[in-house]
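Below, each chain spelled out in residue letters.
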Amino acid sequence: MNDAPVLITGGRVVDPSRGLDQGLDVLLRDGVVARVDERIAAPKGATVVDAEGLVVAPGFVDLHVHLREPGYEYKETIATGTAAAAAGGFTTVCSMANTSPVVDDAATASFVVRRIRETALVRVFPIGAVSKGLEGKELAEIGLMKAEGIVAVSDDGRPIASGLLMRRALEYASMFDLPVVVHEEDPSLVAGGVMNEGWASTRLGLPGWPAVAESSMVARDVELAALTGARLHVAHVSTRGSLAAVRRARAEGVRVSCEVTPHHLTLTDEDVARSAYDTRFKMNPPLRDEADRAALVEALADGTIDCVATDHAPHHDDEKAMEFAAAPFGVTGLETALAVLVDSFVATRLLPLTRLVEVLSTAPARLFGLPYGTLAEGAAGDVVLFSTDRWTTFSSFRSRSRNSPWADRTLRGRVERTFVRGREVYAAGGPGVVTPASA
Ligand SMILES: [Zn+2]
């Protein structure tokens, strides 16, 4: 790689992989972190980036995004989704298998890997389906897809209703040391619910999706993980009951991890009421009540929840412009995640900055065994520069869709620059920040 070296000076380097939080310079060269030190002299020809007042962290890693390609390119593509990722400070994302066709065999996995190579702006690792066609009946070609580069398996978007299939999936995936990522809902208990079952759904007259439909499935699956010794990763936990099941299982040594979304950490079912049935507040699992939301924040701080994942789920305006009950589930999240978390938890001191970077970067990378989430010398030159003081107004998006509860809102926290392999893939703009080195 012949790119000019990049010297990032004067920033606050937060690297949880090495317990670093101090003012340091970072030199990126030949696609990797060449040096992290106090005052590094600019090498000849280097681009110098002034990071005074900014946090310099390993690029964010999102284990849960829907890039919609192939099949739903009108919602998002690998190109637009990864442009959104770069704007959000994410340098690595893992894409879910519920495309059309579903990523359930080697040929489709290979096609997706090729499209990633041709069009992605950041690193993308595909997740393969657990079952053929996400139908929950027959296992997908897990071993063959692993050879194509999948990093986990999941039927996300749908639960694995059959306990027997779930057991087989755990057994089979563990042969390839792949985590099984589960979207937990008991369909018989959800029974057509469209928002959290509670006082808000009763008042609004909408069918409720009860918390127990999630937690009962988590309880089943941690037992199956214990039985099989496999790695279970619970996607988008949203209830106190799910957290209790995860805590119990962990205490018994079960290999279970879990993620939470920015929206479940910050919004509740009362937001559905306040927004007067705005479908940008409709997602699966649904926004829960305040007690659940507060429990999720506590669990993220105390380590019960391993990481944040956005569950970026783009939908076209026309699809979301329907009555609440009929609209599809899902919200976008890549571009807003950092500001949502900074605004709600860092500015308010509910979450230390080092923990914020850990849950967005170091922890998710470790969970899927990806060699990112660190600024160790020799590591990938994947870096994000962000501000915890500057504000972002989300008036436009790089994503092809804009189904975000934060559209047109202004939040504290701003991604300033994103680098992948030592090369800038996003800059928030503003003159006079980059200066060519004179030396
Ligand atoms: Zn899901």
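What comes next concerns the included structure. (Residues numbered from 1 in each chain as written. Predicted model: local features only at pLDDT ≥ 70, side-chain atom pairs only at ≥ 80, totals over all residues. Heavy atoms only, no water.)

1. Structural notes on the packing of aromatic side chains
Then comes step 1: Taken as a whole and assessed by the stated rule, the structure comprises five aromatic pairs.
Then comes step 2: Arranged with centres 5.6 Å apart and planes meeting at 65°, the rings of Phe 60 and Phe 90 form a pair that is edge-to-face. Within this pair, whereas Phe 60 is found in strand 6 (residues 60-65), its partner Phe 90 is found in strand 7 (residues 90-95), the two being separated by 30 residues in sequence. Taken as a pair, Phe 60 and Phe 90 share a single burial class, namely buried.
Then comes step 3: When the centroid spacing of 5.3 Å and the interplanar angle of 90° are considered together, the rings of Tyr 172 and Phe 176 count as edge-to-face.
Then comes step 4: Above the plane of the ring of Phe 324 lies Lys 282, whose end atom (NZ or CZ) is 5.7 Å from the centre.
Then comes step 5: The cationic tip of Lys 282 hangs over the ring face of Phe 329; the distance from NZ or CZ to the ring centre is 4.6 Å. (Phe/Tyr/Trp six-rings, centres within 6.5 Å; stacked < 30°, edge-to-face > 60°. Helix = DSSP H or I, 4+ residues; strand = E, 2+ residues; numbered from the N terminus. Buried < 20%, exposed > 50% of the residue type's maximum accessible area, 1.4 Å probe, protein only. Lys NZ or Arg CZ within 6 Å of the ring centre and 35° of its normal.)

2. Some words on the coordination of the zinc ion
Then comes step 1: For the zinc ion, the full set of protein donor atoms is Asp 156 (OD), His 183 (ND1) and His 236 (NE2), and the range of their distances to it is 2.1 to 2.2 Å.
Then comes step 2: On the accessibility criterion, His 183 (5% relative accessible area) is buried.
Then comes step 3: By relative accessible area, His 236 is classed as buried at 2%. (Donors = N, O, S within 2.8 Å, 3.2 Å for Na, K, Ca; no water.)

3. Here we look at the layout of surface pockets
Then comes step 1: Empty space within the largest pocket amounts to approximately 450 Å³.
Then comes step 2: In terms of lining, the largest pocket is formed by 23 residues, of which the most central are His 66, Arg 68, Asn 98, Gly 157 and Phe 329.
Then comes step 3: The class makeup of the residues in the lining of the largest pocket is eight nonpolar, 10 polar and five charged.
Then comes step 4: Each pocket or cavity is described by its volume, and for the second largest pocket that value is around 280 Å³.
Then comes step 5: As for the second largest pocket, its lining consists of 17 residues, of which Ala 87, Thr 392, Phe 394, Arg 398 and Tyr 426 are closest to the centre. (1 Å grid on protein atoms, 1.4 Å probe; cavity = no way out; pocket = protein on both sides within 12 Å on 5 of 7 lines; lining within 4 Å. Points joined across faces, edges and corners; volume = space filled by probe spheres on them. Nonpolar A, V, L, I, M, F, W, Y, C, P; charged D, E, K, R; others polar.)

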